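Tertiary structure, described
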Amino acid sequence: ALLGTLTIPATYLMGRAWFDRRTAMLAAVITTIMVWPINLSRVGFRAVTMPLLVALMLWQLGLAFSTRRIVHYVAGGVLYGLLFYTYLAARFTPLALIAFVGCLWLINRPVSWRRLALFAATALLISAPLLAFGLTHVEEFLARGFQVSVFNPSINHGDLAGTLRHHTWQTMLMFTTQGDFIPRHNVPLRPVFDPLMSLAFVLGLGVGLTRWRNPGNLLVLIWSAAMLLPTLLAEDAPHFLRAVGIMPVLFFIPAWGLRWVEQQAKGVLAAADYRSWPVKVGIG
């Protein structure tokens, strides 16, 4: 319960580092009211530690990119190293970060490679005990992943391509149509978002895609896509426990939609107020 509650201010801090105050507040509110994080916190899964560390790490990384101060790169590296001790889905996070930095480089955004190397070295130092165990106990380290992987013949039943297509479709439906059916993870089959929040999610996704060159938007889109892989590539997709790494980054997408609606409404009201003003003509 404490870890789930702390994720709320951590989400706000992450939002302030990458976006404006209003977007950060909306994402924090969405994190507060979503059934998914509330349920994981109530049951007490160790996976609930992952969203908190994700938010804190990306908060420091956002400050690092904006201020270029070494202290934020080091703090972000410490938090990232700790992230690997939370849940197995953390092993997919390097894909998200590498893809994000690579895209920044491709669109000619400034990237401090030396400071990023310091971030990576710090994370490597913190996660070294776990990595050392993995290198010396490879079978134990990879056992659970292979048990549930779609590449396991007992899971794909000889039809890997068909299994991947089915899992991809089911994973796409989890946000607005049909979610995890396992009662300990979710209200069975309940999607992540209710109908109204689903509209905000779809609208926010459109807003984010049109503004993808903004580093914050790019981060959210890449992170959300990459952290769906742990459930897409495993049995029982969509699996809300394996997809936990997408939180709370995912909740910025409906926050974009709500923010856009708010801005449009303010524009309409401002225009209406302007037209209603009396026109005074002075002579003198």
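Before any of the text, the structure's been laid out above.
First, a word on what this report is: a plain description of the structure on this page. Bear in mind the structure is a predicted one, so any value in this text is a computation, not a measurement.

1. Some details on the overall build of the protein
- Along its length, the protein carries 14 helices and zero strands.
- In the protein, the succession of helices and strands from N to C terminus is α-α-α-α-α-α-α-α-α-α-α-α-α-α.
- Principal-axis analysis of the C-alpha atoms gives the protein an extent of 90 × 45 × 40 Å.
- Going through the 284 residues of the protein one by one, you find that 47% of them count as buried.
- Within the protein, contacts between residues at least 6 apart in sequence are counted, and of these 73% link residues at least 24 apart.
- With an accessible surface of roughly 14700 Å², the protein has 68% of that area assigned to carbon and sulfur atoms.

2. Observations regarding helix α11 (residues 195-210)
- For α11, built from 16 residues, the straight-helix expectation of 22 Å at 1.5 Å per residue is met to within 8% by its first-to-last C-alpha distance of 23 Å.
- Residues of α11 that are buried: Met-197, Ser-198, Ala-200, Phe-201, Gly-204, Val-207 and Gly-208.
- Near the N-terminus of α11, the side chain that reaches the backbone nitrogen of Leu-196, with its oxygen 3.2 Å away, is that of Asp-194.

3. Some words on the nonpolar core
- Core analysis: the biggest nonpolar cluster contains 70 residues, and Trp-36, Leu-58 and Leu-250 have the highest contact counts within it.
- If near-sequence neighbours (up to four positions away) are discounted, Leu-58 is found in contact with Met-14, Trp-18, Leu-97, Leu-219, Trp-223 and Val-249.

4. Quick notes on the side chain of Gln-60
- For Gln-60, the position within the fold is in helix α4 (residues 49-67).
- Residue classification places Gln-60 among the buried residues on the basis of a relative accessible area of 8%.
- For Gln-60, the residues in contact, after removing those within four places along its chain, are His-72, Ala-75, Gly-76 and Leu-79.

5. Quick look at the pattern of salt bridges
- Applying the stated criterion across every chain, the model contains three salt bridges.
- Salt-bridge contacts for Arg-22 lead to Glu-262; the nearest nitrogen and oxygen are separated by 2.8 Å. Taken together, the residues Arg-22 in helix α2 (residues 21-33) and Glu-262 in helix α14 (residues 252-276) connect sequence positions 240 residues apart.
- Since its relative accessible area comes to 41%, Arg-22 is described here as partly exposed.
- Taking relative accessible area as the criterion, Glu-262 reaches 16% and is therefore assigned buried.
- Residues joined in a network through salt bridges with shared partners are Asp-20, Arg-22, Arg-259 and Glu-262.

6. Considering the packing of helix α1 (residues 2-18) against α4
- Interhelical geometry of α1 versus α4 gives an angle of 20 degrees and a closest axis separation of 8 Å. Of the possible angle classes, the one that applies to α1 and α4 is roughly parallel. Seen along the crossing, α1 lies across α4 with a hand that is left-handed. Residues Leu-3, Leu-6, Thr-7, Ala-10, Thr-11, Leu-13, Met-14, Ala-17 and Trp-18 of α1 form the contact with α4, whose participating residues are Thr-49, Pro-51, Leu-52, Ala-55, Leu-56, Leu-58, Trp-59, Leu-61, Gly-62, Leu-63 and Phe-65.
- Of the residues that constitute the contact of α1 with α4, the class distribution is 16 nonpolar, four polar and no charged.

7. Considering unusual backbone geometry
- For the peptide bond that leads from Ala-237 to Pro-238, omega is 0 degrees, which places it in the cis range.
- Positionally, Pro-238 belongs in the loop between α13 (229-232) and α14.
- The omega angle of the peptide bond from Met-247 to Pro-248 is -10 degrees, so this bond is cis rather than trans.
- Within the secondary structure, Pro-248 is located in the loop between α13 and α14.
- If you check the backbone angles, His-157 has positive phi at about 55 degrees while not being a glycine.
- Looking at where His-157 falls in the secondary structure, it is placed in the loop between α9 (153-156) and α10 (160-173).
- For Asp-236, which is not glycine, the phi dihedral falls at a positive 65 degrees.
- Looking at the element boundaries, Asp-236 is found in the loop between α13 and α14.
- Residue Asp-236 is classed as partly exposed on the basis of its relative accessible area, which comes to 31%.

8. Some points on a nonpolar patch on the surface
- There is a patch of nonpolar side chains on the surface, built from Met-25, Val-29 and Ile-33 and spanning about 240 Å² of accessible area.
- Considering the arrangement of structural elements, one finds Ile-33 in helix α2.

9. Some remarks on the environment of Val-148
- Within the fold, Val-148 resides in helix α8 (residues 138-148).
- Look past the residues within four positions of Val-148 in its chain and what remains in contact with it is Ile-155, Leu-233, Ala-234, Glu-235 and Arg-242.

So, how was this worked out
Residues numbered from 1 in each chain as written. Predicted model: local features only at pLDDT ≥ 70, side-chain atom pairs only at ≥ 80, totals over all residues. Heavy atoms only, no water. Helix = DSSP H or I, 4+ residues; strand = E, 2+ residues; numbered from the N terminus. Buried < 20%, exposed > 50% of the residue type's maximum accessible area, 1.4 Å probe, protein only. Contact = heavy atoms within 4.5 Å. Areas by Shrake-Rupley, 256 points an atom, 1.4 Å probe, with all protein chains shown as cover. Expected span 1.5 Å × (residues − 1). Polar contact = N/O pair within 3.5 Å; in protein donor to acceptor, adjacent residues only side chain to side chain. Core = buried A, V, L, I, M, F, W, Y, C linked by side-chain atoms within 4.5 Å. Salt bridge = Lys/Arg side-chain N within 4 Å of Asp/Glu carboxyl O. Axes fitted to C-alpha atoms, helices over the stretch in contact; angles between N-to-C directions. Parallel < 35°, antiparallel > 145°, perpendicular 65-115°, else oblique. Left-handed = near helix turned anticlockwise from the far one by under 90°. Nonpolar A, V, L, I, M, F, W, Y, C, P; charged D, E, K, R; others polar. Patch = residues over 30% accessible without salt bridge, like charges linked within 9 Å, V, L, I, M, F, W, Y side chains within 5 Å.

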